[in-house]
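# Inside the fold
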Amino acid sequence: MPLVRIDYRKGIHNDLGNKIGAIVYRSMVDTINVPENDNFQIISEHEANGLLFDPNYLGIHRSNGIIIIQVTLNEGRTIEMKKAFYNMVSERLHKELGLSKEDIFINLVEVKKENWSFGNGVAQYAQ
């Protein structure tokens, strides 16, 4: 039940948006129990002034190649599952696409199941 947003600066990762999205989706299936075919993503490129970040926050040196990944999903994953997801996404993006691990920023937003409607104006997972 995740909704994934992938944001990066225009001109930095040309033609990589769908590849990044595929890696994020595979990693969700492999680590945080996302069902097959539950793949909804928004991939956006931004002008330099539309994607702001601190290049050194927490001693992590980020470049203009930063990729911000935000996943909204149902609450209930363990801390271990979340850590495994962060690590797998970072490792795969680095190994498969050559992206810098320092540039992979991931945020999970947990919501209750009743906060979703997948169509037809129905809350499919509301109890």
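What counts, and at which threshold
- Residues numbered from 1 in each chain as written.
- Predicted model: local features only at pLDDT ≥ 70, side-chain atom pairs only at ≥ 80, totals over all residues.
- Heavy atoms only, no water.
- Patch = residues over 30% accessible without salt bridge, like charges linked within 9 Å, V, L, I, M, F, W, Y side chains within 5 Å.
- Areas by Shrake-Rupley, 256 points an atom, 1.4 Å probe, with all protein chains shown as cover.
- Salt bridge = Lys/Arg side-chain N within 4 Å of Asp/Glu carboxyl O.
- Helix = DSSP H or I, 4+ residues; strand = E, 2+ residues; numbered from the N terminus.
- Buried < 20%, exposed > 50% of the residue type's maximum accessible area, 1.4 Å probe, protein only.
- Phe/Tyr/Trp six-rings, centres within 6.5 Å; stacked < 30°, edge-to-face > 60°.
- Expected span 1.5 Å × (residues − 1).
- Contact = heavy atoms within 4.5 Å.
- Core = buried A, V, L, I, M, F, W, Y, C linked by side-chain atoms within 4.5 Å.
- Pairing = 2+ DSSP bridges.
- Axes fitted to C-alpha atoms, helices over the stretch in contact; angles between N-to-C directions.

## Focus on a nonpolar patch on the surface
A contiguous nonpolar surface patch, about 400 Å² in accessible area, is contributed by Leu 3, Phe 40, Ile 42, Phe 118 and Tyr 125. For Ile 42, the location among the structural elements is in strand β2 (residues 41-46). For Ile 42, a relative accessible area of 34% translates into the label partly exposed.

## Quick notes on the pattern of salt bridges
Enumeration over the complete set of coordinates arrives at eight salt bridges. In this structure, Lys 95 and Glu 91 form a salt bridge, with 3.7 Å as the shortest nitrogen-oxygen distance. Residue Lys 95 and its partner Glu 91 are both found in helix α2 (residues 79-97); the two are separated by four residues, about one turn of the helix. Overall, the relative accessible area of 65% leaves Lys 95 in the exposed class. Here Glu 91 ties to Lys 101 by a salt bridge, and the two come within 2.3 Å at their closest N and O atoms. In this pair, Glu 91 sits in helix α2 while Lys 101 sits in the loop between α2 and β4 (104-111), placing the two residues ten residues apart along the sequence. Glu 91 sits in the partly exposed class, given a relative accessible area of 23%. Sharing partners across several salt bridges, the network here consists of Glu 91, Lys 95 and Lys 101.

## Some thoughts on the packing of aromatic side chains
The geometry of an aromatic ring pair is captured by the separation of the ring centres together with the interplanar angle, meaning the angle of the planes. If you walk through the whole model with that rule in mind, you get four aromatic pairs. Between Phe 40 and Phe 118, the ring centres sit 5.7 Å apart and the planes meet at 55°, which makes this aromatic pair tilted. One end of the pair, Phe 40, is in the loop between α1 (17-31) and β2; the other, Phe 118, is in the segment after β4, and 78 residues separate them in sequence. In this structure Phe 118 comes out as partly exposed when scored by relative accessible area, which is 33%. The interplanar angle of 55° and the centroid separation of 6.3 Å between the aromatic rings of Phe 85 and Tyr 86 together place this pair among those described as tilted. For Phe 85, a relative accessible area of 0% corresponds to the buried category. One aromatic cluster is present, built from ring pairs that chain together Phe 40, Trp 116, Phe 118 and Tyr 125.

## Side note on α1
Within an α-helix, residues lying three or four positions from one another point in the same direction, as the helix has 3.6 residues per turn. Taking 1.5 Å per residue as the helical rise, α1 with its 15 residues ought to reach 21 Å, and the 21 Å between its terminal C-alpha atoms agrees with that figure. Burial in α1 covers these residues: Gly 17, Ile 20, Gly 21, Ile 23, Val 24, Tyr 25, Ser 27, Met 28 and Thr 31. Tucked into the core, α1 has its buried residues touching β1 (3-9), β2, β3 (67-74) and α2. Phi for Asn 33, located one or two positions after α1, is positive at around 60°.

## Concerning the nonpolar core
In this structure, Ile 20, Val 24, Met 28, Ile 69 and Phe 85 are the most contacted members of the largest nonpolar core, which totals 23 residues. For this core, the secondary-structure elements that each account for two or more residues are β1, α1, β3, α2 and β4. It is α1 that provides the largest number of residues to this core, a total of five residues.

## Focus: the sheet that holds β3
With mixed pairing, the four strands of this open sheet are ordered in space as β2-β1-β3-β4. Each edge of the open sheet is held by one strand with a lone partner, namely β2 and β4. On average, each strand axis in the sheet is inclined to that of its neighbour by 15°, with strand direction left out of account. Examined bridge by bridge, β1 and β2 share six bridges and lie parallel to one another. Across the sheet, the residue bridging to Arg 5 is Ile 42, located in β2. Taken strand by strand, α1 contacts β1, β2 and β3, and its axis lies near 145° from that of β1. On top of the sheet, α2 reaches β3 and β4; it is set at about 145° to β4, its chief contact.

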